[in-house]
Structures are given as structure tokens and as C-alpha cells.
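A look at the structure
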Amino acid sequence: MDDVMPAGGPTQDEVMAISLFKMGLRPQDSLLDLGCGTGKVSIAAAGFVQKVCAVDRRPEAIAYATGAAKAAGRTNIEFFSGEASDFLASAPVFDCAFVGGSQQIETILPILSGKVRRVIVVNAVLVSTLATVTATMQRLGIFREALHVQVARSHELGKSLMFKPIDPVYIIVGSGAACS
């Protein structure tokens with residue numbers, strides 16, 4: 001596996017668990033992971049679905065994610081390097097989509113909603129991204145809910161424990177608008 005982890009780091013396990021739960025993944029599903037970064041979400045989801053398509057604009061992210069998927073023994077993930085808008089132009093319809101990157105999100109969401117049958121989950125760390133995604137989903141009539149997730153993990157401190165917080169994340173959930 002390529003040793004250079006892409007900027008942004010992987011989605012935290014607890015946030016990923018909630019995001020995957022909100023998608024309601026099924027064994028026959030196809031999942032699109034836009035802004036796949038390290039591939040962590042794609043690799044986890046690949047254990048629940050038939051097929052995953054993972055897209056990232058950064059070749060180094062795709063190289064890292066491909067290596068991570070191979071190390072995890074996941075063979076049902078296809079990786080694509082390029083812009084999400086270019087990929088979506090000729091993409092098939094998916095059952096669910098996870099969006100981990102926010103580049104061009106206002107432009108991509110209307111296209112993405114037409115390429116997803118059931119659920120779109122967007123993770124965001126910026127309040128501005130939360131506002132943009134929520135407003136765009138509301139305008140499209142696909143907004144379901146937004147969650148603010150704050151997790152803290154225990155760490156030893158002397159003879160006791162303390163909790164160190166993980167950066168808060170917004171999870172925005174929308175309905176797909178594609179015909180079944």
C-alpha cells in the first residue's frame with residue numbers, strides 16, 4: 001500500500017458507522033463513494049454491498065485507497081481518478097451514495113440526486129458546507145435530516161481516564177431521486 005495518506009485523513013469509525021447506517025445498505029446494492037480519500041468508507045461498505053465505485057480527484061488518494069482495498073481483500077470496489085462531475089456525466093444509477101468531499105457540492109448534488117435511487121449521505125466538517133448541502137437538498141426536495149456528531153474517546157491519564165474529543169462532523173441525509 002502507498003504510504004502517503006491523502007490530506008484530510010480517514011473518516012472516523014464512529015462517524016462512518018452512523019453514515020453507513022443512514023444509507024441502509026443491502027447485499028444487492030451498488031454504492032457510489034465520491035471523494036473517497038483513503039478508501040476507508042468504500043472498504044467498509046464493500047462488505048455489505050454487491051459493488052462500490054470510489055471516485056477521487058487526487059491520483060494519490062486513488063493510489064492509497066486501491067492499496068488499502070487490496071490489503072483488506074476487497075475485490076468489489078472500482079476506483080476512478082477524476083472530477084466527480086466528469087464521472088457522473090456517464091455514470092450508471094446507484095442505490096446509495098456517500099459524499100466525503102465537498103468540492104463543487106452545489107453543482108454535483110443536482111446531478112447526483114438523479115443518479116441515486118435511495119439515499120445520499122454527505123459528511124461535512126465546515127458549517128458553510130452544512131448550509132450549502134442542506135439548502136441545495138431542500139431546493140431539490142430531497143432533504144431528510146442533518147445530524148451533528150461529536151465523539152470523544154477515552155485515554156489514560158495517570159491512574160484514571162479522560163476523554164479527548166474528535167472533530168465534530170455534520171452528516172446530511174437526502175433521498176435519491178432516480179427512477180427505480
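Note: the structure precedes this text.
Residues numbered from 1 in each chain as written. Predicted model: local features only at pLDDT ≥ 70, side-chain atom pairs only at ≥ 80, totals over all residues. Heavy atoms only, no water.

Glancing now at the overall build of the chain. Each helix and strand counted, the chain has six helices and nine strands in total. For 180 residues, the compact-globule formula gives about 16 Å, and the C-alpha radius of gyration of the chain, at 16 Å, lands near that figure. The C-alpha extent of the chain, read off along each of the three principal axes, is 60 × 35 × 30 Å. Going through the 180 residues of the chain one by one, you find that 44% of them count as buried. As displayed, the chain offers around 9100 Å² of accessible surface, 55% of which is attributable to carbon and sulfur atoms. (Helix = DSSP H or I, 4+ residues; strand = E, 2+ residues; numbered from the N terminus. Rg over C-alpha atoms; globule rule 2.2 N^0.38 Å. Buried < 20%, exposed > 50% of the residue type's maximum accessible area, 1.4 Å probe, protein only. Areas by Shrake-Rupley, 256 points an atom, 1.4 Å probe, with all protein chains shown as cover.)

Our focus in this paragraph is the packing of helix H5 (residues 105-113) against helix H6 (residues 127-140). Closest axis-to-axis distance for the H5/H6 pair is 10 Å, and the angle between their directions is 35 degrees. When you trace H5 past H6, the crossing you get is right-handed. Contact with H5, carried on its side by Ile105, Glu106, Leu109, Pro110 and Ser113, involves Thr132, Val133, Thr136, Met137, Arg139 and Leu140 of H6 and no other residues of that element. Split into classes, the residues belonging to the contact of H5 with H6 amount to six nonpolar, three polar and two charged. (Axes fitted to C-alpha atoms, helices over the stretch in contact; angles between N-to-C directions. Left-handed = near helix turned anticlockwise from the far one by under 90°. Contact = heavy atoms within 4.5 Å. Nonpolar A, V, L, I, M, F, W, Y, C, P; charged D, E, K, R; others polar.)

Here the focus is the sheet that holds strand E6 (residues 143-149). Spatial strand order, E3-E2-E1-E4-E5-E9-E6: seven strands in an open sheet with mixed pairing. In this open sheet, the two strands that pair with only one neighbour each are strand E3 (77-81) and E6. Between one strand axis and the next, the sheet turns through 15 degrees on average, direction left out of account. Here four bridges tie strand E1 (residues 30-34) to strand E4 (residues 94-99), and the two strands are oriented parallel to one another. (Pairing = 2+ DSSP bridges.)

The end-to-end C-alpha distance of H6 is 20 Å, a good match for the 20 Å that 14 residues give at a rise of 1.5 Å each. Summarising the contacts, the buried residues of H6 are in contact with H5, strand E5 (116-124), E6 and strand E9 (169-175). Of the residues flanking the end of H6, it is Gly141, one or two places downstream, whose phi is positive at about 75 degrees. (Expected span 1.5 Å × (residues − 1).)

So, on to the side chain of Lys115. Relative to the elements of secondary structure, Lys115 occurs in the loop between H5 and E5. Although buried, Lys115 forms no salt bridge, and the nearest oppositely charged side chain, Asp86, lies 12 Å from it. Residues within four places of Lys115 in sequence aside, it is in contact with Leu88, Ala89, Ser90, Ala91, Pro92, Val93, Phe94 and Ala178. (Lys, Arg positive; Asp, Glu negative; His and termini not counted. Salt bridge = Lys/Arg side-chain N within 4 Å of Asp/Glu carboxyl O.)

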